[in-house]
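Tertiary structure, described
So you can see what is in the structure, the chains are spelled out below.
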Amino acid sequence: TVAMGTEGIIDRYVNFYTDFAFKKLFGTEMNKDLLISFLKRPVAGREVVLDVNYLNTEHLGTQEYDRRAVFDGIAKTQGRGFLGGDAEGEQQFFKDRSIYYSTFAIREQAPRGEWNYELKGVYTIGILNFCFDKEREGNYYHEVKLMDTATKEVFYDKLVFIYLEMPKFTKQENELE
């Protein structure tokens, strides 16, 4: 028998760029080990990801008229980092949106009352099903930090944007480690 509405469907995999699939894959306690395994690679050497705590993915502004942000996933490591993830289809102002979303993880670190302004690391990881860097073929991994333009040295290493342009990732299954 064929379930109603599934006639002709022969795909074996789910499109994880959809909110539903991405949240099922990385945003549930049941699949926490998958998220931990995935996060270890991009933050290696900076954070030790032993466990993650799922945080609220919907962030409201401080005023009733402020914009809200909804992440596909956000987690806090046992160490010092906050990690936000988003699977994205191509859209206008993608980089702007990415910067905007990172501000919520920064702002949430500020406790009420006196505070010394020390921040934990914030990593925004975007898994993209489009290419925003069409100039460099094959380069699917981008790591972006604040840089001093005169010295070309990293100015601030606690704010990191990692983008994975999946259309440029062309390895076959047998080539993966």
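Quantities reported herein were computed from a predicted structural model and do not represent experimental measurements. (Residues numbered from 1 in each chain as written. Predicted model: local features only at pLDDT ≥ 70, side-chain atom pairs only at ≥ 80, totals over all residues. Heavy atoms only, no water.)

As for the pattern of salt bridges
- The full count for this structure, using the stated rule, is three salt bridges.
- Close ionic contact of K145 with E143 constitutes a salt bridge, the shortest N to O distance being 3.6 Å.
- Taking the relative accessible area as the measure of exposure, E143 reaches 34% and is therefore partly exposed.
- The shortest N-O distance in the salt bridge between K168 and E165 comes to 3.1 Å. Residue K168 shares its accessibility class with E165, and that shared class is buried. (Salt bridge = Lys/Arg side-chain N within 4 Å of Asp/Glu carboxyl O. Buried < 20%, exposed > 50% of the residue type's maximum accessible area, 1.4 Å probe, protein only.)

Describing helix α1 (residues 19-26)
- Regarding α1, the residues found buried are A21, F22 and F26. Angular distribution of buried residues about the axis of α1 spans 105 degrees; they occupy a single face of the element. (Helix = DSSP H or I, 4+ residues; strand = E, 2+ residues; numbered from the N terminus. Arc of directions from axis to C-beta.)

Here's the deal with the side chain of E165
- Within the secondary structure layout, E165 lies in strand β8 (residues 153-165).
- Engagement of the side chain of E165 in a polar contact is seen with the side chain of H142, the distance being 2.5 Å.
- Leave out the neighbours within four places in its chain, and E165 touches L128, F130, C131, F132, D133, N139, Y140 and H142. (Polar contact = N/O pair within 3.5 Å; in protein donor to acceptor, adjacent residues only side chain to side chain. Contact = heavy atoms within 4.5 Å.)

Things to note about the side chain of H142
- Inspection of the secondary structure puts H142 in strand β7 (residues 141-148).
- Other than its neighbours up to four places away in sequence, H142 contacts F132, D133, R136, F161, I162, Y163 and E165.

Looking at the nonpolar core
- Ranked by internal contacts, the top residues of the largest apolar core, which has 14 residues, are F26, L35, L39, V49, V52, I127 and I162.
- Among the elements of the structure, α1, α2 (32-40), β6 (121-128) and β8 are those that each provide at least two residues to this core. (Core = buried A, V, L, I, M, F, W, Y, C linked by side-chain atoms within 4.5 Å.)

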